[in-house]
There are 2 protein chains.
Amino acid sequence: MFEAAELGRKVSKKEFEAQAPDLRVKMLEMQQALRKCDFPVIVVFAGVDGAGKSEAVNLLNEWMDPRWIVARAYGPPSDEERERPEFWRYWRDLPPKGQFGLFLSAWYTQPLLDNVFGRIGKAKLNDRLERIAGFERTLADDGALILKFWMHLNKKEQKKRLEKLQKHPFHHWKITKKDWDNWRRYDKFITAAERIIMRTSTGEAPWHIVEGLDSRYRSMTVLTTIHDAVIAHMELRAAEVALREKQKKRKPVKPAVPDTVLGDGATILSRLDMKQSVDPDEYSRQLKVVRADLHKLYRKVSDQKLSTVLVFEGWDAAGKGGAIRRMTSALDARDYRVLPFAAPTSEEREQHYLWRFWRQLARAGRFTVFDRSWYGRVLVERVEGFATEQEWRRAYAEINEFEAQLIEHGIVLMKYWVHITKDEQERRFQSRAETPYKRWKLTDEDWRNREKWDDYEQAVNEMVERTSTLNAPWTLIEGNDKKFARPKVIRELCKRLKVAVD
Amino acid sequence: MFEAAELGRKVSKKEFEAQAPDLRVKMLEMQQALRKCDFPVIVVFAGVDGAGKSEAVNLLNEWMDPRWIVARAYGPPSDEERERPEFWRYWRDLPPKGQFGLFLSAWYTQPLLDNVFGRIGKAKLNDRLERIAGFERTLADDGALILKFWMHLNKKEQKKRLEKLQKHPFHHWKITKKDWDNWRRYDKFITAAERIIMRTSTGEAPWHIVEGLDSRYRSMTVLTTIHDAVIAHMELRAAEVALREKQKKRKPVKPAVPDTVLGDGATILSRLDMKQSVDPDEYSRQLKVVRADLHKLYRKVSDQKLSTVLVFEGWDAAGKGGAIRRMTSALDARDYRVLPFAAPTSEEREQHYLWRFWRQLARAGRFTVFDRSWYGRVLVERVEGFATEQEWRRAYAEINEFEAQLIEHGIVLMKYWVHITKDEQERRFQSRAETPYKRWKLTDEDWRNREKWDDYEQAVNEMVERTSTLNAPWTLIEGNDKKFARPKVIRELCKRLKVAVD
């Protein structure tokens, strides 16, 4: 695999100087053209120490306009980072559409070193590579161009390079005992590297292996590879976007048999007992009990630094806000945040749809309430046609993977669907329309959404079916009577927290 | 995840009889339309025993035209199957384009049971699921529609079903102790099932969870899901094919810097020492020695039931055939096969490009020589534009994965590139043209290929770079002097066999 990167290829100074001015202009022109495109370019540099990874990043920053470049290098995770799932720091740093992200020693470093130093075996390494491949696939499916450079030196050359740097008056401090420890494990390193490259060299995110011996050769190789790939991707992406627009206009296939026939159209939602109610005295009593429970548990949860993420989805006027307020009043305001999500901001629109949720993950020991969430992808975006069928179908897997990362990190994840019947919604809309201090809550959009009730109901049923897992089940709340719903929301949370703290 | 499949949904006999005739016609019409399409439909049935998997297959066979359906169920692997990589039997049974393949208890069964019975843990299960996802992705990337049905019953219902079958005068023999053993592990089974569904429910090959309680309900659900998905895929695929044709006509991006500048255009091939030669006496001596070596090793290899796969690629007139003959003459004719590959047959064209190689894998202890191979995808198909850039780029990963499966199975894999220079090729072409008994070997196509020498050379270099791995390296043969090349071919084989038998 590395044969082609051990040929001793060089670019002479004369050749370099002959080509450089022209190439520099081309890079800048490409970067300007990219700014108008609807995809980001994500460039990963990995490989052998001393093979020129950071030099490549410096050169790109120098030759292009750094205002449209996000360059990041990663060391051991900070406190802030350790308190969130591993990929949080990478999601946070993703470049917006039309811009470059240069990633140095990023998501590949830790799995590689863990394997080389014997901390994880082959099966565990494969698992982590699968997570990486999934991460890159998610971004590529959204249109991102991903380029990965593996900077290579053979064992002898690496030794020479390290020795040379060690003797250099300006650079000697760069070489530490750690570099030599790594060098002594060169063979293990290369075996692991080959596995990494094979497992994660996909059609959408291939590795480019670059010979790292000659700085002019490797600079030119990296620059031209990036240039040519971006130009090619612009054209490809334009064709994909055209196809996507066509698919969005596609009429759904008429079902062979009407849905109502299949099991009388029975669904998860239609089987809920919506008549359940609680009288006012009992409601006050229950609320007192469950909030006391929650308060006690919340202390334990805080002590144990457990994070809790709560997702609230539900019909308009289902009573999400009221349920959230009843719950959070048992918590200390410093420890929880309620994040309402409506349409994405302009900054968020320039990113992957999951980005705005990743960035909101809180530090350890906190409660984060998502009032509407990533499930918008398979609800409003599906029904309103903002996402193509392929996109929202793919989202089930993307969401499951996202939540799996939260859970693996030890986060308690609650997902509520607050349900009301269509009649109850009409009653509440009417009441809002008639009550002056509630009128602001009711918009034309609410009425428009209501017209698509059946489409939404189908989307909700499929969402629950596809994303209710043993570790992250949906909690369905029968919400026609708020006095029934509110204590249930808190009670279900307490059940889960009890399991988590024990 | 299984909530929606535990609602007790039923379709009444009356409803079923009202819908059945119309649905039956629709299924047949869909099947006829499919025959003209360029993709196969692969349907997998898995799930809880007694939930109606085989009934679904029977019904599909009954309601559609069985001439265009391949239906397969798998038990424990046969001798023939155990001697090949695990996926050989599935590749062999794939339906051609325009047809249905119904797979019962196929690639999901063994990983599921191995996990439930504690033979493999979570990490190993993930590995095997990753292999499955890769297999399905490879097929879906080629256009296949993949539908997977998980037939579900809850624990109580499964017990009831098993008891009912046990008492049934016709079916009681179907229920064995094994079924009850499995039932007792129901909870483990469902936990593993959820992991399987989450990990392998991809956009291109999603799982459909079907409630298995009522036979009319589940039949109708399976039939209509298949019908609607095939109709939708026809339209989608047509759009994809149109995009593909457009991409094939795309001109490649002009490189930012001419290739010759980058390291003086030095490549793996250009660095070979093509002047190496051997005089005739020495050649005879060497050949005798290496063939004796090979013969001895071949006996050991046969005893140990090791299989050997040899791939020969090289320029036209490079001397592949002669090298192969010198090698095989040391083997027993019963134990080796030489398979020349030219353009695919009409049957092969109806399948994935890897299919015709999978089917040729031999039983244990044999030598199989592929005279040209799966590398055609990244050589001739790339250069001649039969495959789009996305397709041949994707092929590197597909080929690495294919070869990884061979190697994991214990097969010794040798890959030769027999190299000659452009001048040497011309000399040989001329000699063929002038020698009456060699003239048949030379075709117009040889001259046409020669005109694209540079494109081929780039493709070969990239092929070696991308697919030379520690376990499956390329062996480059300097072929300008046949007397140098032929012993080297055998010597390199012996080296690898020696490692394998020890």
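Residues numbered from 1 in each chain as written. Chains lettered and ligands numbered in written order. Predicted model: local features only at pLDDT ≥ 70, side-chain atom pairs only at ≥ 80, totals over all residues.

### A look at the domain arrangement of chain A
All names here are of chain A. Rules: The split of the chain into domains comes from an automatic or database domain assignment. Each residue is represented by a C-beta atom placed from its backbone, and any two residues with such atoms within 7 Å are regarded as in contact. Each helix is a run of H or I in the DSSP string that is no shorter than four residues. Each strand is a run of E no shorter than two, and both are numbered from the N terminus. Under the grouping applied here, Gly and all other residues not named as nonpolar or charged are polar, the nonpolar ones being Ala, Val, Leu, Ile, Met, Phe, Trp, Tyr, Cys and Pro and the charged ones Asp, Glu, Lys and Arg.
With domains assigned, chain A is organised as domain 1 (3-245) and domain 2 (264-501). Each side of the interface is counted separately: domain 1 has 17 residues, and domain 2 has 16 residues. Breaking the side of domain 1 that touches domain 2 down by element, the ones donating at least two residues are helix 4 (88-92) and helix 6 (122-141). Looking at the side of domain 1 that touches domain 2, the element that brings in the most residues is helix 6, giving four residues. When its residues are assigned to classes, the side of domain 1 that touches domain 2 shows seven nonpolar, two polar and eight charged.

### Some points on the interface of chain B and chain A
Each partner contributes to the interface: chain B provides 60 residues, whereas chain A provides 59 residues. Elements supplying a minimum of two residues to the side of chain B that touches chain A: helix 1 (13-35), helix 6 (122-141), helix 9 (186-200), helix 10 (215-248), helix 16 (389-408) and helix 19 (453-467) of chain B. Per-element accounting of the side of chain B that touches chain A gives the leading share, twelve residues, to helix 10 of chain B. Across the side of chain B that touches chain A, the residue classes break down as 27 nonpolar, 15 polar and 18 charged.

### Let's talk about the relation of the copies chain B and chain A
Put simply, the test is: Superposing the copies works by least squares over the C-alpha atoms of residues that have pLDDT at least 70 in both of them.
Note on the copies: chain B fits chain A at an RMSD of 0.0 Å, the axial shift is 0.0 Å, and the rotation between them is 180°. What we have between these two chains is a two-fold relation. Considering only C-alpha atoms, the part of chain B nearest the rotation axis is alanine 123 of chain B, at 2.9 Å. A share of 98% of the interface residues of chain B reappears at the interface of chain A, consistent with the copies meeting face to face through the same patch.

### Thoughts on helix 2 (residues 53-63) of chain A
All names here are of chain A. The following threshold applies: Labels follow a simple rule on C-beta atoms placed from the backbone: if 20 or more others lie within 10 Å of a residue's own, it is buried; if 12 or fewer, it is exposed; otherwise it is partly exposed. This arc corresponds to the set of directions leading from the helix axis out to the C-beta atoms.
Taken together, the buried positions of helix 2 are occupied by Lys53, Ala56, Val57 and Leu60. Angular distribution of buried residues about the axis of helix 2 spans 100°; they occupy a single face of the element. Against strand 1 (41-47), strand 2 (69-73), strand 3 (100-104), strand 4 (145-152) and helix 10 (215-249) lie the buried residues of helix 2.

### Focus: the sheet that holds strand 10 (residues 474-478) of chain A
Residues and elements named next belong to chain A. Selection criterion: The pairing criterion for strands is at least two bridges between them, as found by DSSP. Helix axes are fitted to C-alpha atoms over the stretch in contact, other axes to C-alpha atoms as well, and angles between N-to-C directions run from 0 to 180 degrees.
In space, the five strands of this open sheet follow the order 7-8-6-9-10, with parallel pairing throughout. This sheet does not close on itself; its edge strands, each paired only once, are strand 7 (336-340) and strand 10. Between one strand and the next, the sheet's axes are offset by a mean angle of 20°, whatever the strand orientation. Across five bridges, the pairing between strand 7 and strand 8 (residues 367-371) is parallel. In the strand pairing of strand 8, proline 340 is matched with aspartate 371.

### Details of the nonpolar core
It is characteristic of soluble globular proteins that their nonpolar side chains tend to be buried jointly. Heads up, the rule is: Working definition: the nonpolar core is a set of buried Ala, Val, Leu, Ile, Met, Phe, Trp, Tyr and Cys residues, joined through C-beta atoms within 7 Å.
Counting 238 residues, the largest nonpolar core has Val43 of chain A together with Val43 of chain B as the members making the most contacts within it. Aside from chain neighbours lying at most four places away, what touches valine 43 of chain A is Phe100, Gly101, Leu102, Phe103, Leu147 and Ile226 of chain A.

### Here's the deal with the packing of helix 2 of chain A against helix 10 of chain A
All names here are of chain A. Which entries qualify depends on this criterion: Oblique is the label for every angle not falling under 35 degrees (roughly parallel), over 145 degrees (roughly antiparallel), or within 65 to 115 degrees (roughly perpendicular). In this scheme the handedness of a crossing depends on how the near helix is turned from the far one: anticlockwise by less than a right angle means left-handed, clockwise means right-handed.
It is the contact of helix 2 with helix 10, at a shortest axis distance of 10 Å, that shows an interaxial angle of 55°. Between helix 2 and helix 10, the interaxial angle falls into the category oblique. When the axes of helix 2 and helix 10 are compared, the crossing they make is right-handed. Two secondary-structure elements touch here, helix 2 through Glu55, Ala56 and Leu59 and helix 10 through Ser215, Arg218, Ser219 and Val222. For the contact of helix 2 with helix 10, the per-class residue count stands at three nonpolar, two polar and two charged.

### What to know about the pairing of strand 9 (residues 412-419) of chain B
Residue and element names in this part refer to chain B. Among the eight residues in strand 9, seven count as buried, and that is most of the element. Note that strand 6 (residues 308-314) and strand 9 share seven bridges and pair parallel. Across the sheet, residue valine 309 finds its bridge partner in strand 9, namely leucine 413. The pairing of strand 9 with strand 10 (residues 474-478) spans five bridges and is parallel.

### Here we look at unusual backbone geometry
For arginine 372 of chain A, which is not a glycine, the phi torsion comes out positive at approximately 75°. Position of arginine 372 of chain A relative to the elements: it lies in the loop between strand 8 and helix 15 (380-383). With a phi angle near 60°, lysine 305 of chain B is a residue other than glycine that sits in the positive phi range. Exposure remark for lysine 305 of chain B: the 12 C-beta atoms within 10 Å place this residue in the exposed category.

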